[in-house]
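One-letter residues, chain by chain:
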Amino acid sequence: MKFTLSWLKEHLDTTASVAEIVERLTSLGLEVEGCDNPSDKVRGFIVGHLLEAEKHPGADRLRVCKVDTGKGILQVVCGAPNARAGLKVILAQPGVVIPVTGEPLKKGMVRGVESQGMMCSWRELSLGEDHEGIAELPEGTPLGSPLAEVIPFEITIEVSITPNRADCLGVRGIARDLAAAGLGQLKPLPVPTLVSAFKSPIGVRLAFGAIQPSPCPLFVGRVIRGVKNGPSPQWLKDRLTAIGLRPISALVDITNYMTYDLGRPLHVFDAATVKGDIQVRLAQVGETLPALNGKTYPLDETMTVIADESGPEGLGGVMGGEASGCSDSTTSVFLEVAYFDPIRTATTGRKLEILSDARFRFERGVDPAFLFDAAAIATQMILDLCGGEASEVISAGAEPAWRRSISFRPARVASLGGVEVDTGRQETILRALGCDVAAHGATLSVQPPSWRADLVNEADLVEEILRIHGYDRLPAVSLPRPAMPVPVLTPSQRVTGWVRRELATRGLVEAVTWSFLSSDTAKLFGADQPGLRLANPISSDLDVMRPSVLPNLLLAVGRNSDRGSKDPALFEIGPQFDSPSQQRSVAAGVRAGRAVPRHWTEKTRHVDAFDAKADALAALQAAGVNTESLQISATTPGWYHPGRSGALTLGQKTVALFGEIHPGLLSALDLKSPVVGFEVFLDTLPLRKAKPGKARPPLKASAFQAVERDFAFILEASVPAASVLRATRNADKVHIVSAEVFDLYHGGGEEGKKSMAVSVTLQPGGKTFTDEEIEEIARKVVTEVEKGTGGVLRR
């Protein structure tokens, strides 16, 4: 929001300096982004008198000029076509910084002729776009005077407005805040009383049926005939130009002025182009609108249009139509002042990618009670600048309900804000902001004004009082320091960190992908729930919440492989969505290509299911899971390769999946190399429980040499290795410290059997083992394996 100082003072009676205004605006939460004083740019520039302008001896388009500075004559070489004797010009002497370049001016030689200064255009001073020639000052401008003293420059202030402060999208709203903060008095807003000269030839009707909320609750309009459209007066042009708007014509400039002055967007139609009455309705499929910006927009049934018998003439709250736009030949206009639903206006603007000043204000919420007065003010301005006479005011609909009462306890300012403010001062602040305040014992009944839709509860009023009273008056209070630091991370967050660190140390690179993907890809992973489909996706190929973290990682593998990245290995920790109301935190990873790089010391191989299993087990171990307690089953979802994948379970819960990705799925995703993956379901893992005050037990390292014994068992082919290892460890949980499979053999024996060799490490405690003790442990191992798996020792 940008405005000039003089514009602000039309609404605010104040003697405050620019610095005081800027400081107070920022303290009120209206952050000042810039304050521009053009006179600072022209410091050092003076008024010169062009005495002579002779042709340059070495160039047809240059002139050698003699310029009187009031203290002497300078020779200036100039190429401006309007350089002629008798002009009063803006003169820069050597050493003066030229605003458009930021460089100081120096004397120089131009085609062999010395130039001792520069006559400037408005563009070179950064005061306009006119660069056709040097600036021409009025004949009576005092010679030698500083430019800043002869031209009244407007100081501009630009403020960043937060989305909840729609009332400050007009100069009057900003003035109201400053007045409430004690930086002056808010001037009354005069509303003219107009006498209708004739009955409106154009009627208006709202055609929305029972739609709630109504796309346009209230529409106010009137016809003004006999107008003469043309250039705006200079004061209006200057004011619009100062804030970055381009003056177009008086009628259009008036609507822009009302938008920025009072925060009230409105529109004028050329009444001669309106066929029949105005109908405010929803657009019909297939309708289009050639808009004022020169583009044609396709409309749909969710958009509000202002239409006549021939079709849409404007897009409600967003932009007017080209066909009904005002021109120099316009002699009769229809003035529209309406209230449009903020949500529908924002949705329409986003669909059509239109960001207009009107949409910017309507979607944040304009004053719903400021329609009839705004119509009177705008009408009077049109009559003053363009002439004519006004019809009666016509309207359709009713003012939307905005009145509300908030029960406010003044003591809440101290309890919520931490500062004591006298109750009388609180009431004064609220009334200055436009609220109606009535006392009911220890409680105040506060009715916010129509322009403050953001004030809805008691905490909002506390914030307003603190804002106006001054955040700088809040006392600085130190937070209590606990005797012992309190952990910042929750147990689940710590587990996530441990898993992330472990997977990274295993050579996987962390990826961050979208939480959604295309519906076609989601179906490959068993997701076909309508509830997971996004109502408003950011892209047509990202329209479903992801049912698994794996698909996005697989697509990332494909993109990396296409770009020459060899053997990609990625992991991600994030949510997967099982249903619209249920999601799980998952650590997933994929590996592709070779597991071992090419090297002369060892043979290379492709990744396999055991690589994925090792990653999953490492993640589980990092999370504090006792991996020896895990069960392994071959029940896996359809995106894994059957027979080359598995599930890790803890009791009845599946805590991880691993294995090769199904070849059919790889083909559907256009992945050519083998890929393995794993998924660890973090939400199903038991959290580490640390008892307060209990230290880690001391390490008891044995000083005696460990003993290894190998066992070979004949087993049913269906018996998993994990069952054999579990039974082996259970034989002696004190002395057996590890058990590993080192050989597996099929064939050469009984059909349906296999031979599995297990290496068992025995660690003595306080003394070395005797042969009898070793044999006893060996017998227990054989007995436990036979009892737990049915296996017998191979002879």
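In this report, the structure presented in the accompanying data block is examined. Values in this document were obtained by computation on a predicted structure and should not be read as measured data.

Basis of the calculations
- Residues numbered from 1 in each chain as written.
- Predicted model: local features only at pLDDT ≥ 70, side-chain atom pairs only at ≥ 80, totals over all residues.
- Heavy atoms only, no water.
- Helix = DSSP H or I, 4+ residues; strand = E, 2+ residues; numbered from the N terminus.
- Buried < 20%, exposed > 50% of the residue type's maximum accessible area, 1.4 Å probe, protein only.
- Contact = heavy atoms within 4.5 Å.
- Pairing = 2+ DSSP bridges.
- Axes fitted to C-alpha atoms, helices over the stretch in contact; angles between N-to-C directions.
- 1 Å grid on protein atoms, 1.4 Å probe; cavity = no way out; pocket = protein on both sides within 12 Å on 5 of 7 lines; lining within 4 Å.
- Points joined across faces, edges and corners; volume = space filled by probe spheres on them.
- Nonpolar A, V, L, I, M, F, W, Y, C, P; charged D, E, K, R; others polar.
- Arc of directions from axis to C-beta.
- Salt bridge = Lys/Arg side-chain N within 4 Å of Asp/Glu carboxyl O.

### Regarding the environment of Lys66
If you trace the backbone, Lys66 turns up in strand S5 (residues 63–68). Looking at Lys66, the relative accessible area reads 29%, which means it is partly exposed. With residues near it in sequence (within four places) discarded, Lys66 still touches His49, Leu50, Leu51, Glu52, Ile73, Leu74 and Gln75.

### Side note on the sheet that holds strand S28 (residues 436–440)
Across the sheet, 3 strands lie side by side as S27-S29-S28; this open sheet has antiparallel pairing. Each edge of the sheet is formed by a strand with only one pairing partner; in this case those strands are strand S27 (406–408) and S28. When the angles between neighbouring strand axes are averaged without regard to direction, this sheet yields 30 degrees. In this structure, S27 lies alongside strand S29 (residues 443–447), joined through 3 bridges in antiparallel fashion. Note on S29: the bridge partner recorded for Phe408 is Leu444. Against the sheet, helix H12 (residues 423–432) engages S27, S28 and S29, with an angle of about 150 degrees to S28.

### Focus on the layout of surface pockets
Considered as a void within the structure, the largest pocket measures approximately 1100 Å³ in volume. If you go around the largest pocket, you meet 35 residues; those closest to its centre are Phe610, Lys613, Ile632, Ala721 and Ala722. Mapped by element, the contributors of at least two residues to the lining of the largest pocket are helix H17 (609–622), strand S35 (631–633), strand S36 (640–650), strand S37 (653–661), helix H19 (721–730), strand S40 (736–746) and strand S41 (753–762). Here the lining of the largest pocket gets 6 residues from one element, more than from any other, and that element is H17.

### A closer look at the sheet that holds strand S13 (residues 156–160)
Taken together, the 3 strands give an open sheet; going across it, the order is S1-S13-S3, and neighbouring strands pair in antiparallel fashion. On the outer flanks of this sheet lie strand S1 (2–4) and strand S3 (31–36), each paired with one strand and no other. Going across the sheet, the axis of each strand differs from the next one's by a mean of 25 degrees, ignoring polarity. Relative to S13, S3 runs antiparallel, the two being bridged by 5 bridges. Across the sheet, residue Glu31 finds its bridge partner in S13, namely Ser160.

### Quick word on empty space enclosed by the protein
Rolled over the atoms, a probe as big as a water molecule pinpoints where empty space is left. Applying the stated criterion across every chain, the model contains 1 cavity of 30 Å³ or more. Of the volumes computed, that of the largest cavity is approximately 40 Å³. What lines the largest cavity is Pro215, Met303, Thr304, Leu315, Gly316, Phe340, Asp341, Arg344, Thr345 and Thr348. The biggest single contributor to the lining of the largest cavity is helix H8 (residues 342–352), with 3 residues. Across the lining of the largest cavity, the residue classes tally to 4 nonpolar, 4 polar and 2 charged.

### Description of the pairing of strand S18 (residues 278–282)
Here S18 lies mainly inside the structure; 4 of its 5 residues are buried. Strand direction decides the pairing type here: strand S15 (residues 204–207) and S18, joined by 4 bridges, are parallel. Bridging from a neighbouring strand, Val204 pairs with Ile278 of S18. Direction of pairing for S18 relative to strand S21 (residues 304–308): antiparallel, over a ladder of 4 bridges. Bridged to Val280 within S21 is Ile306.

### Remarks on H8
Listed in full, the buried residues belonging to H8 are Pro342, Thr345, Ala346, Thr348, Gly349 and Leu352. Buried residues of H8, seen end-on, are gathered within an arc of 165 degrees and therefore sit on one face of the element. In H8, those exposed residues whose orientation departs by more than 90 degrees from the buried face are Ile343 and Arg350. Following H8 by one or two positions, Glu353 has its phi on the positive side, about 55 degrees.

### Focus: the pattern of salt bridges
The final tally for this structure, using the stated rule, is 38 salt bridges. A network of salt bridges, in which partner residues are shared, links Arg165, Asp167, Asp177, Arg452, Asp454, Glu464 and Arg467.

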